[in-house]
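What follows is each chain in one-letter form.
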Amino acid sequence: MTKIFLDTEFLDDGHRIEPVSLALVSQTTAEYYAVCADSDITQVVAHPWLRAHVVPHLPITVNSLGWHWDTTHPDFAHVKPRTQIAREIRAFLARQAGPEIWAWYSPFDTVVLCQLFGPMSDLPPEIPAFTRDLMQEASRISTVLPAQRPPVHHALSDARHDLLIATTIGLIGRRPA
């Protein structure tokens, strides 16, 4: 089994959950990061929490006229349509030996990941339907966790931090109890 750490940033308006960015970090250090070009960035910018915590990390510029993609931002190369992200994630996970997905507050990230592929009945076989919860495992182990260095709420940075937490609690290199 290869442990893969998933983090997403998403718009949740009570009616829909829409991906904004998504990252996967493998215990083997393989990484995947994408920003969803199809997201309703106008709504993301208008959402107070997302504007304060997520928007500063996105390859966009916000001004009095609204927002636009910042083609000079280092993450702009990761801006992709949802269908491309789904294809690339499927290929990324297919390259991992027995992928086992872990996430901090896993139910949220699992929904965002799975909805990239449509209804749950359309989930491809490369995508595990079961996600393990890193927060629950860390709570069970009950140890001091490392503080995350900035940036926080940047999907790739957060997924890398989840790998650090897993290493700290001894999850890497052993089977979960």
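Everything quoted here is computed from the prediction, not taken from an experiment.

Participant: Lay out helix H6 (residues 155–168) with the relevant residues and their values.
Facilitator: A rise of 1.5 Å per residue sets the reference length of H6, with its 14 residues, at 20 Å; its end C-alpha atoms lie 20 Å apart and thus fit the reference within 8%. With 10 of 14 residues buried, H6 is to be regarded as a mostly interior element. All of the buried residues in H6 are Ala 155, Leu 156, Ser 157, Asp 158, Ala 159, His 161, Asp 162, Leu 163, Ile 165 and Ala 166. Elements in contact with the buried residues of H6: strand E1 (2–12), strand E2 (17–26), strand E3 (31–36), strand E7 (99–103) and helix H5 (134–141). With its phi angle positive at about 80°, Gly 170 sits one or two positions after the end of H6.

Participant: Describe the nonpolar core, and please don't skip the residues or the numbers.
Facilitator: Residues Val 44, Leu 58 and Leu 134 are the most contacted members of the largest nonpolar core, which totals 27 residues. Put simply, the parts of the chain that give this core at least two residues each are E1, E2, E3, helix H1 (41–46), H5 and H6. Sort the elements by how many residues they give to this core and H6 lands first, with six residues. Contacts of Leu 134, omitting those with residues within four sequence positions, involve Phe 5, Trp 102, Ala 103, Trp 104, Asp 162, Ile 165, Ala 166, Ile 169 and Leu 171.

Participant: I'd like to hear about the pairing of strand E4 (residues 60–63), residue by residue, with values.
Facilitator: As judged from the four bridges shared by E4 and strand E5 (residues 66–69), these two strands associate in the antiparallel manner. Opposite Asn 63, over in E5, you have Gly 66 as the bridge partner. The hairpin formed by E4 and E5 contains two residues between the paired strands.

Participant: With reference to specific residues and values, describe unusual backbone geometry.
Facilitator: Look at the link from Pro 150 to Pro 151: it is a cis peptide, with omega at 5°. Considering the arrangement of structural elements, one finds Pro 151 in the loop between H5 and H6. In this structure, Tyr 105 is a non-glycine residue whose phi angle is positive, near 60°. With respect to the helices and strands, Tyr 105 occurs in the loop between E7 and helix H4 (106–115). For Tyr 105, a relative accessible area of 43% corresponds to the partly exposed category.

Participant: I'd love a proper account of the pattern of salt bridges, names of residues and values included.
Facilitator: Side-chain pairs of opposite charge can arise where the charged atoms are in close proximity. For the coordinates displayed, the defined rule picks out nine salt bridges. Residues joined in a network through salt bridges with shared partners are Asp 13, Arg 16, Glu 18 and Asp 40.

Cut-off values and rules
- Residues numbered from 1 in each chain as written.
- Predicted model: local features only at pLDDT ≥ 70, side-chain atom pairs only at ≥ 80, totals over all residues.
- Heavy atoms only, no water.
- Helix = DSSP H or I, 4+ residues; strand = E, 2+ residues; numbered from the N terminus.
- Expected span 1.5 Å × (residues − 1).
- Buried < 20%, exposed > 50% of the residue type's maximum accessible area, 1.4 Å probe, protein only.
- Contact = heavy atoms within 4.5 Å.
- Core = buried A, V, L, I, M, F, W, Y, C linked by side-chain atoms within 4.5 Å.
- Pairing = 2+ DSSP bridges.
- Salt bridge = Lys/Arg side-chain N within 4 Å of Asp/Glu carboxyl O.

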